[in-house]
Amino acid sequence: MAVTDPQTTVQVLSEALPYIQKFSGKTLVIKYGGNAMTEDDLIDSFCRDVVLLKEVGINPVVVHGGGPQIGELLKRLNIESHFVNGMRVTDGQTMDVVQMVLGGLVNKEIVTQINLAGGKAIGLTGKDGQLIKARKLKVKHKTPEMTAPEIIDIGHVGEVEKIDSALIEMLASRDFIPVIAPIGMDDQGASYNINADLVAGKIAEALQAEKLILLTNVAGLQSKEGKVLTGLTTAQVDALIEDGTIYGGMLPKINCALEAVKNGVKTAHIIDGRVSHATLLEIFTNAGVGTLITDQPNASTSE
């Protein structure tokens, strides 16, 4: 273990103090996935971060993914995966695996690790307490030779219709840390797998959270020259999409962050989950480790 100079420790704590004071009592929704969820040292640092947030009076809500783990189990069961526009076609058999992995294996492992770090985590899926009301996602697919897009049924893949945040609020008020798997249910009782970024964004909106934090496998939103951009307004992000700076796989994540901020979440952060203690670095330091998006001009990195 590295030896830290006491003076450095004091400086770090002093820098964190105004942020702790500012965000005490506020809600942070954190989407947890990527390398941060598969590498042991990053799992440990994330769980310790979440517990520390709770200890200083901030209310973290964790929404997690699990795509690689789902793919691994499907492979072991000899169930072939098919994708349309980057989304896994999810028939009934595949949905059973999704629920086993997300609602069982992955969810309970995160809960266990947070509890081992001294927290009081409790695992949920969106089906618990009617937390996430879902509807089937209609996927449009168009090739250059087609005059109009076709609608493709990719099975039990859904989108959020409504969030009922009562259960989350009750748990947070009793000092629990909710850990939520992105599985929703429709009015007929059918289960749906939903993109974890989208679920985190909608939960942040429903809670009117102070922050939405999306952990990723990149350093943040980057300029065409490769520089990490931060302190961006929603208007600036819209312009970056328009001029092609933001494209491809980053678009869904950025759009999720934009929508959350435009619907009442104070700030959204896209941060590098490959960095140890990335969550604390983004929230409690002046420099941060990623991209901040807000509707407020002249926001600082950790605003």
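Residues numbered from 1 in each chain as written. Predicted model: local features only at pLDDT ≥ 70, side-chain atom pairs only at ≥ 80, totals over all residues. Heavy atoms only, no water.

Enquirer: Lay out the UniProt feature "site: Transition state stabilizer" (unreviewed entry) in the protein chain with the relevant residues and their values.
Expert: Under the feature "site: Transition state stabilizer" (unreviewed entry), the UniProt entry names Lys31 and Lys253. The annotated residues occupy 223 residues of the chain but converge on a single region, no pair of C-alpha atoms lying more than 10.8 Å apart. Here Lys31 is to be found in strand β1 (residues 27-32). Relative to the elements of secondary structure, Lys253 occurs in helix α8 (residues 250-262). We classify Lys253 as buried; its relative accessible area is 14%. Discounting residues that sit within four places of it in the chain, Lys253 has contacts with Lys31, Asp197, Leu214, Thr216 and Ile270. (UniProt positions renumbered as here; feature names shortened; annotations may be inferred. Helix = DSSP H or I, 4+ residues; strand = E, 2+ residues; numbered from the N terminus. Buried < 20%, exposed > 50% of the residue type's maximum accessible area, 1.4 Å probe, protein only. Contact = heavy atoms within 4.5 Å.)

Enquirer: A description of helix α3 (residues 67-76) should follow, citing residues and the corresponding values.
Expert: Inspection of α3 places Gln69, Ile70, Leu73 and Leu74 among the buried residues, and these make up the whole buried set. Buried residues in α3, looked at end-on, bunch into an arc of 135°, giving them a common side. α3 presents Pro68, Lys75 and Arg76 as exposed residues on the side facing more than 90 degrees away from its buried surface. Taken together, the buried residues of α3 touch β4 (87-88) and α4 (92-116). (Arc of directions from axis to C-beta.)

Enquirer: For the sheet that holds strand β15 (residues 267-272), give the residues involved together with the corresponding values.
Expert: Here we have eight strands laid out as an open sheet, ordered β5-β10-β2-β1-β13-β15-β16-β14, and mixed in their pairing. Both outer strands of the open sheet, β5 (121-125) and β14 (232-233), are each paired with one neighbouring strand and no more. Sheet analysis places strand β2 (residues 59-64) next to strand β10 (residues 177-181), joined by two bridges and oriented parallel. By the bridge assignment, Val62 is partnered in β10 with Val179. (Pairing = 2+ DSSP bridges.)

Enquirer: Let's hear about unusual backbone geometry: which residues, and what values?
Expert: Even without being a glycine, Asn78 presents a positive backbone phi close to 60°. At Gln130, a position not held by glycine, the phi torsion is positive, near 55°. As for its placement among the helices and strands, Gln130 is situated in the loop between β5 and β6 (132-136).

Enquirer: Any chance you could break down the nonpolar core for me, citing the residues and the numbers?
Expert: Within the largest apolar cluster, 41 residues are counted, with the highest numbers of intra-cluster contacts made by Tyr32, Phe46, Leu53, Ile114, Leu215 and Phe284. Those elements giving two or more residues to this core turn out to be α1 (6-23), β1, α2 (40-55), α3, α4, β10, β13 (211-216) and α9 (278-284). Per element, the largest residue contribution to this core is nine residues, and it comes from α4. (Core = buried A, V, L, I, M, F, W, Y, C linked by side-chain atoms within 4.5 Å.)

Enquirer: So what's going on with helix α6 (residues 196-207)? Which residues, and what values?
Expert: Taking 1.5 Å as the rise per residue, α6 with 12 residues should run 16 Å; its terminal C-alpha atoms sit 16 Å apart, in good agreement. Across the 12 residues of α6, nine count as buried, placing the element largely inside the fold. Of all the residues in α6, the buried ones are Ala196, Asp197, Val199, Ala200, Gly201, Ile203, Ala204, Glu205 and Leu207. Looking at where α6 begins, the residue whose side-chain oxygen comes 2.9 Å from the main-chain nitrogen of Asp197 is Asn195. (Expected span 1.5 Å × (residues − 1). Polar contact = N/O pair within 3.5 Å; in protein donor to acceptor, adjacent residues only side chain to side chain.)

Enquirer: I'd like a rundown of the side chain of Thr234, residues and numbers included.
Expert: Here Thr234 shows up in helix α7 (residues 234-242). In this structure Thr234 comes out as buried when scored by relative accessible area, which is 8%. Here Thr234 is in contact with Leu258, Val261, Lys262, Ile293, Thr294 and Asp295, once residues within four sequence places are set aside.

Enquirer: Go over a negative patch on the surface with me, naming the residues and quoting the values.
Expert: A grouping of Glu39, Asp40, Asp41 and Asp44 is seen on the molecular surface, where their side chains present a negatively charged patch. Structurally, Glu39 is set in the loop between β1 and α2. (Patch = residues over 30% accessible without salt bridge, like charges linked within 9 Å, V, L, I, M, F, W, Y side chains within 5 Å. Areas by Shrake-Rupley, 256 points an atom, 1.4 Å probe, with all protein chains shown as cover. Salt bridge = Lys/Arg side-chain N within 4 Å of Asp/Glu carboxyl O. Lys, Arg positive; Asp, Glu negative; His and termini not counted. Charge placed at Lys NZ, Arg CZ, Asp CG, Glu CD.)

Enquirer: I'd like to hear about the packing of α7 against α8, residue by residue, with values.
Expert: Relative to each other, α7 and α8 sit at 155°, their axes nearing to 11 Å. For the element pair α7 / α8, the angle class is roughly antiparallel. In this structure, α7 crosses over α8, and the sense of that crossing is left-handed. Residues Thr234, Val237, Asp238 and Ile241 of α7 form the contact with α8, whose participating residues are Leu251, Ile254, Asn255, Leu258, Val261 and Lys262. Across the contact of α7 with α8, the residue classes tally to six nonpolar, two polar and two charged. (Axes fitted to C-alpha atoms, helices over the stretch in contact; angles between N-to-C directions. Parallel < 35°, antiparallel > 145°, perpendicular 65-115°, else oblique. Left-handed = near helix turned anticlockwise from the far one by under 90°. Nonpolar A, V, L, I, M, F, W, Y, C, P; charged D, E, K, R; others polar.)

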